Amino acid sequence: MHDYGIWTIITPIVTILLAILTRQVMLSLMLGIFVGFTVINDHNILLGVKGTVDGIIDTFSSAGNTRTIVFMVMIGGLMRLVVVTGGVRALVQLLTNKTNLIKNRVTTQLLAILITSLIFIESSINQLVAGASTKNLARQYGVAPEKMSYIIQTACVSVCSSAVINGWGAVIMGLIGVQISQGLITGEPFDILIKSIGYNLMAWLSLATILFYVLTNISWGPMKKAEVKYQESFVAGNITLSSQHNADEDDIIEHPHAYSVLNFFIPILSTVLMVPIALYITGDGDFTKGSGSTSVYWGVMFGTAVSFCWFIGRRLLNIDNFFKELFIGYANMLKISSIMILAFLMGNVSAELNTGAYIAEVTQGVMAPGFSIGFIFIISAIMSLATGTSWGTFAIMIPIGVQLGLSVGMPVEYMIGAAISGSIFGDMTSPISADAIVASMATDCDHIEHIRTQMPYALVTASIVLTIYLYLGFTY
């Protein structure tokens, strides 16, 4: 593998800095990718341009990438259907007017946490459902989109990285299994993972943090400024009850069977419940070996088919109108899908540059044993921030963490937990994180504003996590 030296980290640095400075995520991704391909092609600018143009097409050569992009487009169609048939509006009315469960800012935010925590199979569906369920309630009670995207994404990443019965757990168990097969450690992957999850402190403290901010109504930094600005608009009447609904919701059809919560739950639940079934099938009877991208693709296909039968059968929509609304939903996903394509390409460029391995290599062997747990956490955090991927960071840092732990006599559960914690930090803070992109879309929040307001909160939590890891390292 070619050694690009210090140039290997230039691409993510350029992308992240541009995203923060320009607040234009697509421009930042394109320029960062261009810089990466220029480095790969011996600093030849023309070949850098060619690599960028060709790379966008090559992104679709990965079946997993393609399935995920198609899923993002198709989920937009599904969301459009539940909106125009009055499903979302009916759900909001059920929670507010009929059951009186959601009646203020606090309960709206708690509902988002609850929904996100219950749907732990797949992170994209998790956030999209939580966003669709609470977006209008948040507007109604004046909760800023920045706050909702922070709550939904942080809860999502924390829960998904701690739930062993999903794709995240399957990936980590697979990595642990490799270490066992190599004779480095002994035991069952599942047992080791269960013990390690207890030390995924970034997840546990992040959940505690969002509950603290929700229940106390405390905010600070960029988040406070965003909330104050939104509240001022809300009080001034710029955000009123008559403007609570998206433009999409103005298109709700008039029909006796419209405005039913079943129009929300049947499409969404059929999609969500199909995911674990697909994981089981694609894993040949073992859901932990199933394909995550295939499963969500199957899920949204099944959900679309069920929606067709449901809405056509109840004569809410005829066949022409069904596909008309479906395609409108697909078109609404053009921006998010474009960003996702570039995010995948950025991941490919980082892999080609060997960014993660370079960061790990230049930082190994430079600390006392007591620093080892904190070291793995910090390097995983830097790597995930630079690459925007937690799963890619898992693949690099969990083996390194296990081997470092063995060499300094530190429990491997500590090291694996620290690697997971650091890896999800990037999911919460990187502008090129797929989960962050989805969270922004799900809550109608400007993407860079989401990152800018969420990052200080994540940094404070990470500082506490690092302190605990150092304490564990020096007291073991």
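From a predicted model like this one, the values you see are computed outputs, not experimental measurements. (Residues numbered from 1 in each chain as written. Predicted model: local features only at pLDDT ≥ 70, side-chain atom pairs only at ≥ 80, totals over all residues. Heavy atoms only, no water.)

Q: A description of the overall build of the protein should follow, citing residues and the corresponding values.
A: Looking only at helices and strands, one finds 22 helices and zero strands in the protein. Put simply, of all contacts in the protein between residues at least 6 apart along the chain, 77% involve residues at least 24 apart. In the structure as shown, the protein presents an accessible area of about 19200 Å², 66% of it carried by carbon and sulfur atoms. (Helix = DSSP H or I, 4+ residues; strand = E, 2+ residues; numbered from the N terminus. Contact = heavy atoms within 4.5 Å. Areas by Shrake-Rupley, 256 points an atom, 1.4 Å probe, with all protein chains shown as cover.)

Q: Tell me about the side chain of Glu-413, and name the residues and values.
A: Relative to the helices and strands, Glu-413 is located in helix α20 (residues 412–429). Buried within the structure, Glu-413 lacks any salt-bridge partner; Lys-195 is the closest side chain of opposite charge, at an N-O distance of 4.8 Å. With residues up to four places along the chain from it excluded, the contact list for Glu-413 reads Ile-192, Lys-195, Ser-196 and Tyr-199. (Buried < 20%, exposed > 50% of the residue type's maximum accessible area, 1.4 Å probe, protein only. Lys, Arg positive; Asp, Glu negative; His and termini not counted. Salt bridge = Lys/Arg side-chain N within 4 Å of Asp/Glu carboxyl O.)

Q: Please set out helix α3 (residues 45–58) residue by residue, giving values where relevant.
A: Relative to the 20 Å expected for 14 residues at 1.5 Å per residue, α3 spans 19 Å between its end C-alpha atoms, a close match to the ideal helical length. Within α3, the full set of buried residues consists of Gly-48, Gly-51, Thr-52 and Gly-55. Looking straight down α3, one finds that the buried residues subtend no more than 100 degrees of arc, so they occupy a single side. Set apart from the buried face of α3 by more than 90 degrees, the exposed residues are Leu-46 and Ile-57. (Expected span 1.5 Å × (residues − 1). Arc of directions from axis to C-beta.)

Q: Describe the packing of aromatic side chains, listing the residues and the values that go with them.
A: For the structure on display, the rule yields 15 aromatic pairs. Note on Trp-220 and Tyr-457: the rings are 4.9 Å apart at their centroids and 40 degrees apart in plane angle, and the pair reads as tilted. Taken together, the positions of Trp-220 in the loop between α11 (201–216) and α12 (221–236) and Tyr-457 in helix α22 (residues 447–475) put the pair 237 residues apart, joining distant regions of the chain. Given a relative accessible area of 1%, Tyr-457 falls into the buried group. Ring pairing ties together the aromatic residues Tyr-150, Phe-212, Tyr-213, Trp-220 and Tyr-457, which thus form one cluster. (Phe/Tyr/Trp six-rings, centres within 6.5 Å; stacked < 30°, edge-to-face > 60°.)

Q: Describe the side chain of Thr-59, and please don't skip the residues or the numbers.
A: Topologically, Thr-59 is positioned in the loop between α3 and α4 (63–84). Separated by 2.9 Å, the side chain of Thr-59 and the backbone oxygen of Gly-55 make a polar contact. With sequence-adjacent residues up to four places away left out, Thr-59 is seen in contact with Asn-65, Ile-341, Phe-344, Leu-345 and Asn-348. (Polar contact = N/O pair within 3.5 Å; in protein donor to acceptor, adjacent residues only side chain to side chain.)

Q: How would you summarise the packing of helix α8 (residues 145–160) against α20 if you had to cite specific residues and measurements?
A: Where α8 contacts α20, the two axes come as close as 10 Å, and the packing angle between them is 155 degrees. When the axes of α8 and α20 are compared, the pair comes out roughly antiparallel. The hand of the α8/α20 crossing is right-handed. Here Gln-153, Thr-154, Val-157 and Ser-158 of α8 lie close against α20, whose contacting residues are Ile-424, Asp-427 and Met-428. For the contact of α8 with α20, the residue count by class is three nonpolar, three polar and one charged. (Axes fitted to C-alpha atoms, helices over the stretch in contact; angles between N-to-C directions. Parallel < 35°, antiparallel > 145°, perpendicular 65-115°, else oblique. Left-handed = near helix turned anticlockwise from the far one by under 90°. Nonpolar A, V, L, I, M, F, W, Y, C, P; charged D, E, K, R; others polar.)

Q: Give me helix α7 (residues 123–140): which residues, what numbers.
A: Side chains that are three or four residues apart share a direction in an α-helix, a result of its 3.6 residues per turn. Look at α7: 26 Å from first C-alpha to last across 18 residues, which is about the 26 Å you get at 1.5 Å a residue. Of all the bends in α7, the greatest measures close to 40 degrees and is centred on Thr-134. Across the 18 residues of α7, 17 count as buried, placing the element largely inside the fold. (Bend = angle between axes of the 7 residues up to and from the residue.)

Q: I'd love a proper account of unusual backbone geometry, names of residues and values included.
A: A positive phi angle, near 55 degrees, is found at Asp-42, a position not held by glycine. For Asp-42, the location among the structural elements is in the loop between α2 (25–40) and α3. Judged by relative accessible area, Asp-42 falls into the exposed class, the value being 62%. Of note in the backbone geometry, Tyr-259 takes a positive phi value of approximately 60 degrees without being a glycine. If you trace the backbone, Tyr-259 turns up in the loop between α12 and α13 (262–282). Residue classification places Tyr-259 among the partly exposed positions, given a relative accessible area of 32%.

Q: Tell me about the nonpolar core, and please be specific about residues and values.
A: In this structure, Phe-71, Ile-75, Ile-125 and Phe-264 are the most contacted members of the largest nonpolar core, which totals 61 residues. Phe-264 has contacts with Val-82, Gly-87, Val-88, Leu-91, Val-129, Ala-132 and Ser-133, leaving out every residue within four places of it along the chain. Formed by 44 residues, the second largest nonpolar core is a distinct cluster that contains Cys-160, Trp-168, Ile-176 and Ala-458. (Core = buried A, V, L, I, M, F, W, Y, C linked by side-chain atoms within 4.5 Å.)

Q: I'd love a proper account of the pattern of salt bridges, names of residues and values included.
A: Tallying each qualifying case throughout the model produces seven salt bridges. In this structure, Glu-227 engages Arg-105 in a salt bridge whose closest nitrogen and oxygen atoms are separated by 3.3 Å. Here Arg-105 lies in helix α6 (residues 105–118) and Glu-227 lies in helix α12, a separation of 122 residues in the sequence. With a relative accessible area of 8%, Glu-227 lands in the buried category. In this structure, the salt-bridge partner of Asp-444 is Arg-139, at a minimum N-O distance of 2.7 Å. In this pair, Asp-444 is assigned in the loop between α21 (434–442) and α22 and Arg-139 in helix α7, connecting sequence segments 305 residues apart. Overall, Asp-444 belongs to the partly exposed group, its relative accessible area being 41%.

Q: Mind laying out a nonpolar patch on the surface, listing which residues take part and the relevant values?
A: Together, Phe-212, Ile-218, Trp-220, Val-460, Ile-464 and Ile-468 give the surface a local cluster of nonpolar side chains, amounting to about 480 Å² of exposed area. For the nonpolar patch, the element with the most residues is α22, which contributes three residues. Ile-464 gets classed as partly exposed once you look at its relative accessible area, which sits at 45%. (Patch = residues over 30% accessible without salt bridge, like charges linked within 9 Å, V, L, I, M, F, W, Y side chains within 5 Å.)

Q: Report on the environment of Ile-464, specifying residues and quantitative values.
A: Relative to the assigned elements, Ile-464 resides in helix α22. As for Ile-464 and Leu-201, which are separated by 263 residues in sequence, their C-alpha atoms are 9.2 Å apart.

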